[in-house]
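Spelled out, the chains give:
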Amino acid sequence: MASVNYDHVYKRFDEVVAVNDLDLDIEDKEFLVLVGPSGCGKSTALRLLAGLEDISEGTLKIGDRVVNDVAPKDRDIAMVFQSYALYPHMSVYDNMAFGLKLRKYPKEQIEERVQNAAEILGITPLLERKPRQLSGGQRQRVALGRAIVRDPQVFLLDEPLSNLDAKLRVQTRAEITKLHKRLETTFIYVTHDQVEAMTMASRIAVMNHGILMQVDSPQNLYDSPDNLFVAGFIGSPAMNLFNAELSQEGEDIVVKTKPFAVKVPQDRRAVLKPYIGKPVVFGLRPEDIHDPNFAPPRINAQNVEAVVDITELMGNEIFLFLKSGETEYVARVDPRTSFKMGDQVTMAFNMDNMHIFDKETEQVIR
């Protein structure tokens, strides 16, 4: 088992900087998820660790060993790719055993490791089958099994669930989480799906344009994003973001957008005073916009007039796509809400959970 350290790591492809000054410590036995949109540098960061790409600048460590110039086969890592990359002419057993045979492991040890991995993953009855006889989920388990038998210091998983259907993805991500707890090994997992990141990670590292934007626990990332990018990326539906300006009205500080104005809670006034008269971005998550009939008690609610554009009934909740003037936003409301498309409604904004970002720097104001 081992920790991983990216120390001011860069990766350049000619003029393109794919990974830009990545400084990240991953603890031993941690489940860290690298998340971000396509092209943000997360897979490149993983490939640098695997040795599939050369580092342009910086230092990369696995445990106490610098691995910049260590061959991939000597790094003691195992990688699971988006494509299962199974040998079609080999049985499941032989696919899982292949890497160990290349390394000249004794036959008895190979047998023991394959059987143990198959038992962990629940694929013992499939060991004699060929990949073409397996479902997508079963093939993914075989790919995981091929990594487990190696008993590596670090597991690297590059979007391993992308080829599975929605139901199987939910099931398999739960299995991977259990697998991490059982193996007690460092897992580094790459995905563009922030729901996967939120449900699986002990910590999430959010990347954009090759830059690490924020790294924290899933709940802290959700509750306290450091910047506009993280606020807009983490959460489904995403945080509502409104261009606004802060103004002083008597003792109150008011967030003024084009279609509405709402008062800032008293305990937030002091930190926002220096920004009065300046452009800011006001953020509020969909679950903090309520039907007033079902708003939680004792919240600091500010009423905003809106028109219901679209409703999406989800069973346990309703998504309301709203318009105030020309501004569109989303509310996640109580399933008992009776609002319909075209209704003129009053929504209750829970200002206790608001976020204010500096328009110029895009950093949160705390």
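Thresholds applied
- Residues numbered from 1 in each chain as written.
- Predicted model: local features only at pLDDT ≥ 70, side-chain atom pairs only at ≥ 80, totals over all residues.
- Heavy atoms only, no water.
- Helix = DSSP H or I, 4+ residues; strand = E, 2+ residues; numbered from the N terminus.
- Areas by Shrake-Rupley, 256 points an atom, 1.4 Å probe, with all protein chains shown as cover.
- Lys, Arg positive; Asp, Glu negative; His and termini not counted.
- Charge placed at Lys NZ, Arg CZ, Asp CG, Glu CD.
- Phe/Tyr/Trp six-rings, centres within 6.5 Å; stacked < 30°, edge-to-face > 60°.
- Lys NZ or Arg CZ within 6 Å of the ring centre and 35° of its normal.
- Buried < 20%, exposed > 50% of the residue type's maximum accessible area, 1.4 Å probe, protein only.
- Pairing = 2+ DSSP bridges.
- Right-handed = clockwise from strand over helix to strand, strands pointing away.
- Core = buried A, V, L, I, M, F, W, Y, C linked by side-chain atoms within 4.5 Å.
- Contact = heavy atoms within 4.5 Å.
- Axes fitted to C-alpha atoms, helices over the stretch in contact; angles between N-to-C directions.

*Asks:* Quick rundown of the overall build of the chain? Include the residues and the values.
*Replies:* Check the secondary structure of the chain and you find nine helices and 20 strands. On the principal axes, the C-alpha backbone points of the chain span a range of 80 × 45 × 35 Å. Carbon and sulfur atoms make up 47% of the accessible area of the chain, which totals about 17600 Å². Considering the chain, the positive charge centre built from 43 side chains and the negative charge centre built from 53 side chains are found 6 Å apart.

*Asks:* So what's going on with the packing of aromatic side chains? Which residues, and what values?
*Replies:* Counted under the stated rule, the structure contains 12 aromatic pairs. Each residue in the set F242, F260, F282, Y329 and F349 is aromatic and connected to the rest through ring pairs, giving one cluster. One Lys or Arg, K278, reaches over the ring of Y275 and ends 5.5 Å from the middle of that ring. Its end group placed over the ring of Y222, R285 keeps NZ or CZ at 3.9 Å from the ring centre.

*Asks:* Can you lay out the pairing of strand β7 (residues 154-158) for me, pointing to particular residues and giving the numbers?
*Replies:* Here β7 lies mainly inside the structure; five of its five residues are buried. Side chains V154, L156 and D158 project from β7 onto one buried face, and the interleaved F155 and L157 project onto a second face that is buried too. By the bridge criterion, five bridges tie β7 to strand β8 (residues 186-191) in an arrangement that is parallel. By the bridge assignment, L156 is partnered in β8 with I188. For the handedness criterion, the β-α-β arrangement of β7, helix α5 (residues 166-183) and β8 is classed as right-handed.

*Asks:* Explain the nonpolar core to me, using residue names and the numbers behind them.
*Replies:* Core analysis: the largest hydrophobic core is formed by 46 residues, its most contacted members being M96, V114, L157, I176, Y189 and V206. In contact with M96, other than residues within four places in its own chain, are V114, A117, A118, I123, L127, V142, G145, R146 and V149.

*Asks:* Report on the sheet that holds strand β3 (residues 31-35), specifying residues and quantitative values.
*Replies:* Taken in spatial order, the six strands of this open sheet run β6-β7-β8-β3-β9-β10, and their pairing is mixed. Single-partner strands in this sheet number two, and they are β6 (77-80) and β10 (211-216). In this sheet, adjacent strand axes meet at a mean angle of 15° when their direction is disregarded. The pairing of β3 with strand β9 (residues 203-208) spans four bridges and is classified as parallel.

*Asks:* How would you sum up the pairing of β3? Please name residues and give values.
*Replies:* Here β3 lies mainly inside the structure; five of its five residues are buried. Of the two faces of β3, the one lined by F31, V33 and V35 and the one lined by L32 and L34 are each fully buried. Bridge analysis of β3 against β8 gives five bridges, and the strand direction is parallel. Note on β8: the bridge partner recorded for F31 is F187.

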